[in-house]
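Below, each chain spelled out in residue letters.
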Amino acid sequence: MQELHWKPEKKSSVPLHQQIYDYLKRKIMYGEWTVGTKIPTQRSLAKQFDVNRSTVVYALEGLIADGLLQTKVGSGTEVVNNTWSLLSSTSSPDWKSYVSSGIYKPNIDMIQEINRAEADPTIIRLGTGELSPDLLPNKKMAEIFHDHYDENFSLGYVEPKGRLSLRQAISKYLHSKEIVASPESILIVSGGLQALQLISIGLLERGSTILHETPSYLNSIHVFQSAGMNLLGVPLDMDGIKCDEIEYLKRQREAALLYTIPSFHNPTGAVMSESRRAELLKVSQNASLPIIEDDVYRELWFDVPPPSPLKAKDPQGNVLYIGSVSKTLSPGLRIGWVVGPEPVIDRLADIKMQTDYGSSSLSQFAVEKWISSGLYEHFLKDIRAELKARRDFTLQILQNYFSEIATWNIPQGGFYIWLQLTIDTSTRTLFERALTERILLNPGFIYDKQNHKHLRISYSYASMEQLESGLVQLAQLIKQKNTRFSPSE
Ligand SMILES: Cc1ncc(COP(=O)(O)O)c(C=O)c1O
């Protein structure tokens, strides 16, 4: 709703306020802004239209006078009529109440704000968990399609578990990670996120409790909560999730599942040690507690690979394993996989068929070619080297500008540095101030509601120049008094 890809024509003979009036009226007239829709603030409209606030006020006053908008004290301006309802006696549906009653929970406001800001190419994104566009293999991708255009690739729906030849390629690839999984126990999904969605609606009852590391990527998405689950955080140290209380929590809170990101954890970058992995598997077996192992960052190691996946030591089938090419090859392909006991995979495949009839057949074709030709392995070597250079560069900037205001870990792979601010700073205020300077941050409270000390810094997305200028500016902002902690937070 806040996204307006339009600006008034400054050279036009039609006054700016009139153009704005016409534009907003059209939005209301064509039903894009229905009755009850809150319109952006005057300040943000002025910013988006690149005009003075008084010009916006003038246009809004016209719409208020027409009876289309109304300003309510304390809740801003909203649409109260549309041109149809002014003309006819029947009113349009109350979309506002539909929107707030949907089963799926909305993203927290800050994540919605981050998602919107990410669409602005002029913003420096210091927290984005994605490979930089420069690192994505566009040319090679085009070559793959070109070289194989005469092959019989399907443009139709593919089978429920995904293209067999891709599952065979993934089965072989997983074998090199010590995971034994036949194609029948692999389901191709549209990214790791969809795997979580399918698990939440396919395997769990409403009201179930999910254990997870605190902080966690899981807190930044609402898949489980939207399906009626409760999340329960378990502390984490640099060896991974702490296991001491898991059995107790399983019993006390009747936990249904444990979600973990053992390798290059999002957002802390932690790698679960080999001994902690063994401990976790033992706890999971003793307590009959299934594990979701989210391993989407595994391949992004710098000097040595992380310890073997939990799934590699799981002959009992306690672990559902998630992989994806989003962090390594291309998030836009939307291809990931889930590995687990066959009845579970059959169930998830059935739900996937009911939801989307399968992931893109073109993307599946491309990923199969990348993996089976060995190109993927080759490309990963380049990506690791690039990410390592970016990590070193970022650490050097932190050393130069942040040593008096923060501490941080040295990640051994993945995308993230978990930066802990050591002076009292409000990360919410910092987020807002930084955004006005066109720097986008990922504050720690997205990953743990109680956390007001950390920022997730990602060296994977912004260019080196942006990383440098953005971080230097950020250090200055942190040192300013007006971003300091306020007692109301
Ligand atoms: C731990 C983790 N799992 C899953 C995902 C989503 O991956 P995909 O793009 O494959 O859906 C992310 C993305 O940030 C992630 O950090």
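Only a predicted model underlies this, so the values are computations on that prediction, with no experimental measurement involved.

## As for the sheet that holds strand β6 (residues 230–237)
So, step 1. The sheet built from 8 strands is open, its strands ordered β4-β11-β10-β9-β8-β5-β6-β7 with mixed pairing. At either margin of the open sheet sits one strand with a lone partner, and together these are β4 (186–189) and β7 (240–241).
So, step 2. Taken together, the 4 bridges between strand β5 (residues 209–214) and strand β8 (residues 255–260) define a ladder with parallel strand orientation. By the bridge assignment, T209 is partnered in β8 with A255.

## Description of the sheet that holds strand β16 (residues 454–458)
The strands making up a sheet associate through hydrogen bonds between their backbones, and the pairing can be parallel or antiparallel.
So, step 1. In space, the 4 strands of this open sheet follow the order β12-β13-β16-β15, with antiparallel pairing throughout. Bordering the open sheet on either side are β12 (406–407) and β15 (442–443), each of which pairs with just one other strand.
So, step 2. Here β15 pairs with β16 via 2 bridges, running antiparallel. Looking at the pairing, P443 lines up with L455 of β16.
So, step 3. Where helix α16 (residues 427–436) meets the sheet, its contacts fall on β13 (416–421), β15 and β16, and the angle it forms with β16 comes to roughly 40 degrees.

## As for the pairing of β16
So, step 1. Of all 5 residues making up β16, 5 are buried, and the element is well covered by its neighbours.
So, step 2. Side-chain alternation along β16 places H454, R456 and S458 on one buried face and L455 and I457 on a second face that is also buried.
So, step 3. Where β13 and β16 come together, 5 bridges link them in antiparallel fashion. Each residue of the ladder has a partner; that of W418, found in β16, is R456.

## Regarding the nonpolar core
So, step 1. Membership of the largest hydrophobic core comes to 100 residues, with the highest contact counts inside it found for L174, L196, F224, W337, F402, L441 and L474.
So, step 2. Of the residues forming this core, the biggest block, 8 residues, is contributed by helix α15 (residues 375–401).
So, step 3. Within the second largest apolar cluster, 19 residues are counted, among which are L4, I20, A59 and L68.

## Notes on the site of the ligand
So, step 1. Surrounding the ligand, one finds 14 residues, the nearest of these being G192, D294, Y297, S324 and K327.
So, step 2. At a separation of 2.7 Å, an oxygen atom of the ligand approaches a polar side-chain atom of S324.
So, step 3. The separation between an oxygen atom of the ligand and a polar side-chain atom of K327 is 2.7 Å.
So, step 4. Coverage of the ligand by the protein amounts to 91% of the 400 Å² it exposes when considered alone.
So, step 5. Grouping the constituent residues of the shell around the ligand by class yields 6 nonpolar, 5 polar and 3 charged.

## Considering the pairing of β6
So, step 1. In this structure, β5 lies alongside β6, joined through 6 bridges in parallel fashion. Directly across from H212, in β6, lies its bridge partner G233.
So, step 2. Bridge count between β6 and β7: 2 bridges; the pairing is antiparallel. Residue pairing across strands places D237 opposite G240, the latter belonging to β7.
So, step 3. The antiparallel pairing of β6 with β7 creates a hairpin that spans 2 residues between the two strands.

## Let's talk about the pattern of salt bridges
So, step 1. Using the criterion set out here, one finds 21 salt bridges in the structure.
So, step 2. As a salt-bridge pair, K72 and E78 come within 3.4 Å of each other at their nearest N and O atoms.
So, step 3. Owing to a relative accessible area of 34%, K72 belongs among the partly exposed residues under this scheme.
So, step 4. Residue E78 is classed as buried on the basis of its relative accessible area, which comes to 8%.
So, step 5. With its nearest N and O atoms 3.9 Å apart, the salt bridge here joins E118 to R125.

Criteria and thresholds
Residues numbered from 1 in each chain as written. Predicted model: local features only at pLDDT ≥ 70, side-chain atom pairs only at ≥ 80, totals over all residues. Heavy atoms only, no water. Pairing = 2+ DSSP bridges. Helix = DSSP H or I, 4+ residues; strand = E, 2+ residues; numbered from the N terminus. Contact = heavy atoms within 4.5 Å. Axes fitted to C-alpha atoms, helices over the stretch in contact; angles between N-to-C directions. Buried < 20%, exposed > 50% of the residue type's maximum accessible area, 1.4 Å probe, protein only. Core = buried A, V, L, I, M, F, W, Y, C linked by side-chain atoms within 4.5 Å. Near = heavy atom within 4 Å. Polar contact = N/O pair within 3.5 Å; in protein donor to acceptor, adjacent residues only side chain to side chain. Areas by Shrake-Rupley, 256 points an atom, 1.4 Å probe, with all protein chains shown as cover. Nonpolar A, V, L, I, M, F, W, Y, C, P; charged D, E, K, R; others polar. Salt bridge = Lys/Arg side-chain N within 4 Å of Asp/Glu carboxyl O.

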